Amino acid sequence: MKIVSGNSNLPLARAIAGYLELPLTNASVRRFADDEIFIEIHENVRGEDVFVVQPTNHPANDNLMELLIMIDALKRASAKRITAVIPYFGYARQDRKPGPRTPISAKLVANLITEAGADRVLSVDLHAGQIQGFFDIPTDNLYGAPVMSADILSRYGSQELMVISPDVGGVVRARALAKRLDNAPLAIVDKRREKAGESEVMNIIGDVDGRFCILIDDIVDSGGTLCNAADALRAQGASDVVAYCTHGVLSGSAAERVANSSLKELVITDSIKPTEAVAAAHNIRHLPMASLLGEAIRRIADESSVSSLFD
């Protein structure tokens, strides 16, 4: 098989290739003077099982176009099978119509990837499980929970742990993590805004007094929800608050907001290449995902079970 990478997260692609003991396929991604993307594969891929590693984070449109053009180049080079490895699937938050005359952009992006020539997709913690159904090709959705639970138990296993969902919609994810943490108790942050223009009111459903709280979410973007939830948990008597999120989007001044918050630390995976501000933040830590993605890639290539990774 061959591992190819765009420019979105080269360190992760190199780590995956290292896990698989394979060199990255020699490819170049260049720009014309008007910023059009040009991609060239410098190795023979005819009849090969090719995995394209390219998360579609900021700049989302550039990274998405790189992915599409690379898939097209590989298809025209007669690759046997092309798997789009998208650790962070951009546009996933637009997975339904929240109002009239609005798009379902996640479905549109799924169509683009399929029409470009991908034969299957591999992603991590899709924002909504139904996005797998947006693709008309096989789609594997990996979970960050095993990596996170192992890290939590090794660092904080001696504490009185309690898993916290930052909103009602994340309860299933929080319950799955709590089960891995020896059935730790669960609490929910109920976030409400009574009137437009008024600040949010955070109500905690559950007794967190004296507990070491683990906030769990799939995406952290502005960081506002997590930081406000941490303040509310502290006000209710939590001994400490740590947040675990799979995808550290952390746009704008989010890294500074987290650094100045009451969070003991924010732990994110390396599904997205960190910015300088994120890398410099004293309380943001990264969990490597190369072994999980590499093992899934190996199993896909060997036609063996991927779901057994999470048994």
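Attention in this report is confined to the structure presented alongside it. (Residues numbered from 1 in each chain as written. Predicted model: local features only at pLDDT ≥ 70, side-chain atom pairs only at ≥ 80, totals over all residues. Heavy atoms only, no water.)

1. What to know about the overall build of the chain
Put simply, the rule is: For the purposes of this entry, the term helix denotes a DSSP run of H or I that reaches at least four residues, the term strand denotes a run of E that reaches at least two, and both are numbered from the N terminus. Three exposure classes are used, based on accessible area relative to the maximum for each residue type with a 1.4 Å probe and protein chains only: buried under 20%, partly exposed in between, and exposed over 50%. By the convention used here, residues are in contact when the closest approach between their heavy atoms is within 4.5 Å. The method behind every accessible area is Shrake-Rupley, applied with a 1.4 Å probe, and residues are considered shielded solely by the protein chains displayed. Positive charges come from Lys and Arg, negative ones from Asp and Glu, while His and the chain ends are left out of the count. Charged groups are reduced to one reference atom each: NZ for lysine, CZ for arginine, CG for aspartic acid, CD for glutamic acid.
The helix and strand tally for the chain stands at 9 helices and 14 strands. With the principal axes as the frame, the chain shows a C-alpha extent of 60 × 45 × 35 Å. Taking all 311 residues of the chain together, the buried fraction comes to 51%. Contacts in the chain between residues at least 24 apart in sequence constitute 63% of all its contacts with a sequence separation of at least 6. Only carbon and sulfur atoms are counted for the fraction: they give 47% of the accessible area of the chain, which is about 14,400 Å². Here the chain contributes 32 positive and 40 negative side-chain charges, whose respective centroids are spaced 2 Å apart.

2. Overview of the nonpolar core
We apply this condition: Only buried residues count toward a nonpolar core, which is a set of Ala, Val, Leu, Ile, Met, Phe, Trp, Tyr and Cys residues joined through side-chain atoms within 4.5 Å.
Of all hydrophobic cores here, the largest spans 33 residues; its most connected members are Leu74, Phe89, Ile113 and Ile131. Listing elements by their share of this core, those giving two or more residues are strand S3 (37-41), strand S4 (49-53), helix H2 (60-76), strand S5 (81-86) and helix H3 (105-116). For this core, the leading source of residues is H2, giving 6 residues. Residues in contact with Phe89, not counting those within four places in the same chain, are Thr56, Ala106, Val109, Ala110, Ile113, Ser123, Leu126, Ile131 and Phe135. Core analysis: the second largest hydrophobic core is formed by 30 residues, Met162, Ile164, Val241 and Val258 among them.

3. Details of the packing of aromatic side chains
Rules: Any Phe, Tyr or Trp ring, taking Trp's six-membered ring, that has another such ring centre within 6.5 Å forms a pair; planes under 30 degrees apart are called stacked, those over 60 apart edge-to-face, and the others tilted.
Summed over the entire model, instances satisfying the criterion amount to 4 aromatic pairs. Taking the centre distance of 5.8 Å and the plane angle of 50° together, the rings of Phe32 and Phe38 count as tilted. A relative accessible area of 45% places Phe32 in the partly exposed class. In this structure Phe38 comes out as partly exposed when scored by relative accessible area, which is 29%.

4. Section: the sheet that holds S4
Note the threshold: Here, a strand pair is defined by DSSP locating no fewer than two bridges between the strands. Working convention: axes come from line fits to C-alpha atoms, limited for helices to the stretch in contact. Angles between N-to-C directions cover 0 to 180 degrees.
Pairing is parallel in the open sheet, where 5 strands are placed in the order S1-S4-S5-S6-S7. Each end of this open sheet is capped by a strand with a single partner; those strands are strand S1 (2-5) and strand S7 (139-142). Going across the sheet, the axis of each strand differs from the next one's by a mean of 20°, ignoring polarity. Pairing of S1 with S4, which is carried by 4 bridges, proceeds in the parallel orientation. Counted as the bridge partner of Ser5 is Val53 from S4. This element, helix H9 (residues 290-302), spans S1, S4, S5, strand S6 (120-124) and S7 of the sheet and lies at about 160° to S6.

5. Let's talk about the packing of H2 against H3
The following threshold applies: When an angle is under 35 degrees it counts as roughly parallel; over 145 it counts as roughly antiparallel; between 65 and 115 it counts as roughly perpendicular; any other value is oblique. When residues are sorted by character, Ala, Val, Leu, Ile, Met, Phe, Trp, Tyr, Cys and Pro go into the nonpolar class, Asp, Glu, Lys and Arg into the charged class, and all the rest, Gly among them, into the polar class.
Packing of H2 against H3 brings their axes to within 8 Å, and their N-to-C directions diverge by 25°. Our classification of the angle between H2 and H3 gives roughly parallel. The segment H2 lies against H3, with Leu64, Leu67, Leu68, Ile71, Asp72 and Lys75 engaging Val109, Leu112, Ile113 and Ala116. Split by residue class, the contact of H2 with H3 holds 8 nonpolar, no polar and 2 charged.

6. A few points about H3
Put simply, the test is: One less than the number of residues in a helix, times 1.5 Å, gives the span that helix is expected to have. This arc is built from the directions going out from the helix axis to the C-beta atoms.
Between its first and last C-alpha, H3 extends 16 Å over 12 residues, near the 16 Å set by a 1.5 Å rise per residue. Those residues of H3 not exposed but buried are Ser105, Ala106, Val109, Ala110, Ile113 and Ala116. Relative to the axis of H3, the buried residues are bounded by an arc of 145° and lie together on one face. Facing away from the buried surface of H3 by more than 90 degrees, the exposed residues are Leu108 and Glu115. Against the buried residues of H3 lie H2, S5 and S6. Count one or two residues on from H3 and you reach Gly117, which has phi positive near 125°.

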